[in-house]
Amino acid sequence: MRIVFIGPPGAGKGTQAEQLVRTYELAHLSTGDMLRAARDAKTEVGQEAEQYMSRGELVPDELIVRIISQRLQQPDCRKGYLLDGFPRTIAQAESLDATLAAGGTPLDVVLEIRVPEEELFRRLAGRGRADDQPEVIRQRLVAYREQTEPLLDYYGKQGLLTTVDGLGSVEEVFDRLKAALDELAR
Ligand code: AMP
């Protein structure tokens, strides 16, 4: 299965992604994790990305598309993958569509975890990551609303979108995601 996983910061996407890739034996492609690793290793790409990440802004499309295109060519992606945190803009989605169409490997589903914004702010404020300062949190939510939410319509029109309620316990949300995927596989 080739899955895109979409949700705002604080929706519990990372936790759910880990369980999904284990259950369905998928490669886990988290662009946030890739960028944090590049930043910590102080690579050129990592240092450029950090300037945006520290402000809660998205890194430039061209940079992230380059990273993910290389990653998709790794052999472990053949068994299927979960894209976690990519695409985040329409330009990224169009680029991904073109790459996957060229390879004859289209997406199977786009899963959205939906959580109301007040709840997101509450959760993020309690988390304590470097980019979880109130002003940075606010900016990350703005980036989601303005740049990533349009993807819901984009993928909805392609008939690929499935939305799952992200309120409740980790187990409850996981059961909903699993039900949605199992429904597709039938
Ligand atoms: P995440 O852990 O997915 O919230 O990503 C952390 C940060 O990495 C984001 O706030 C962005 O600055 C950057 N980032 C991750 N994925 C992308 C992407 N697909 N496009 C642009 N920036 C990204």
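Here the structure is a predicted model, which is why all the values come from computation and not from measurement. (Residues numbered from 1 in each chain as written. Predicted model: local features only at pLDDT ≥ 70, side-chain atom pairs only at ≥ 80, totals over all residues. Heavy atoms only, no water.)

Asker: Would you mind going over the overall build of the protein with me for this structure?
Answerer: Scanning the protein for helices and strands turns up nine helices and five strands. When the helices and strands of the protein are listed from N to C terminus, the series reads β-α-β-α-α-α-β-α-β-α-α-α-β-α. In terms of overall dimensions, the protein is globule-like: its C-alpha atoms have a radius of gyration of 16 Å, near the 16 Å expected for 186 residues. Based on the C-alpha atoms only, the size of the protein along its principal axes is roughly 45 × 35 × 30 Å. Counting every position in the protein, which comprises 186 residues, the buried fraction comes to 43%. Taken as a whole, the protein presents about 9,600 Å² of accessible surface, with 49% of it coming from carbon and sulfur. Measuring between centres, the 24 positive side-chain charges of the protein sit 2 Å from its 31 negative side-chain charges. (Helix = DSSP H or I, 4+ residues; strand = E, 2+ residues; numbered from the N terminus. Rg over C-alpha atoms; globule rule 2.2 N^0.38 Å. Buried < 20%, exposed > 50% of the residue type's maximum accessible area, 1.4 Å probe, protein only. Areas by Shrake-Rupley, 256 points an atom, 1.4 Å probe, with all protein chains shown as cover. Lys, Arg positive; Asp, Glu negative; His and termini not counted. Charge placed at Lys NZ, Arg CZ, Asp CG, Glu CD.)

Asker: What exactly am I supposed to notice about the nonpolar core here?
Answerer: Looking at soluble globular proteins, one finds that nonpolar side chains tend to be buried together. Ranked by internal contacts, the top residues of the largest apolar core, which has 29 residues, are L96 and Y155. Secondary-structure elements contributing two or more residues to this core are β1 (2-6), β2 (27-30), α3 (44-53), α4 (61-72), β3 (81-84), α5 (90-103) and α8 (150-157). If you tally residues by element for this core, the top one is α4, at six residues. Not counting the four nearest positions on each side in its chain, L96 is found in contact with V4, L72, L83, F86, P87, L107 and Y155. (Core = buried A, V, L, I, M, F, W, Y, C linked by side-chain atoms within 4.5 Å. Contact = heavy atoms within 4.5 Å.)

Asker: Mind showing me how you'd approach the site of the ligand here?
Answerer: Near the ligand, the surroundings consist of 15 residues, among which T31, R36, E57, G85 and Q92 are the closest. Note that an oxygen atom of the ligand is positioned 2.6 Å from one of the backbone N or O atoms of E57. R140 places a side-chain nitrogen or oxygen 3.2 Å from an oxygen atom of the ligand. Protein contacts shield 94% of the accessible area of the ligand, which totals 480 Å² for the unbound molecule. The cavity where the ligand resides is the largest pocket. A total of four residues in the shell around the ligand trace back to one element, the largest contributor, which is helix α2 (residues 31-40). Of the residues belonging to the shell around the ligand, the class tally is six nonpolar, four polar and five charged. (Near = heavy atom within 4 Å. Polar contact = N/O pair within 3.5 Å; in protein donor to acceptor, adjacent residues only side chain to side chain. 1 Å grid on protein atoms, 1.4 Å probe; cavity = no way out; pocket = protein on both sides within 12 Å on 5 of 7 lines; lining within 4 Å. Sits in = over half its atoms within 2 Å of the grid points. Nonpolar A, V, L, I, M, F, W, Y, C, P; charged D, E, K, R; others polar.)

These values are about where atoms sit, not about what they do.
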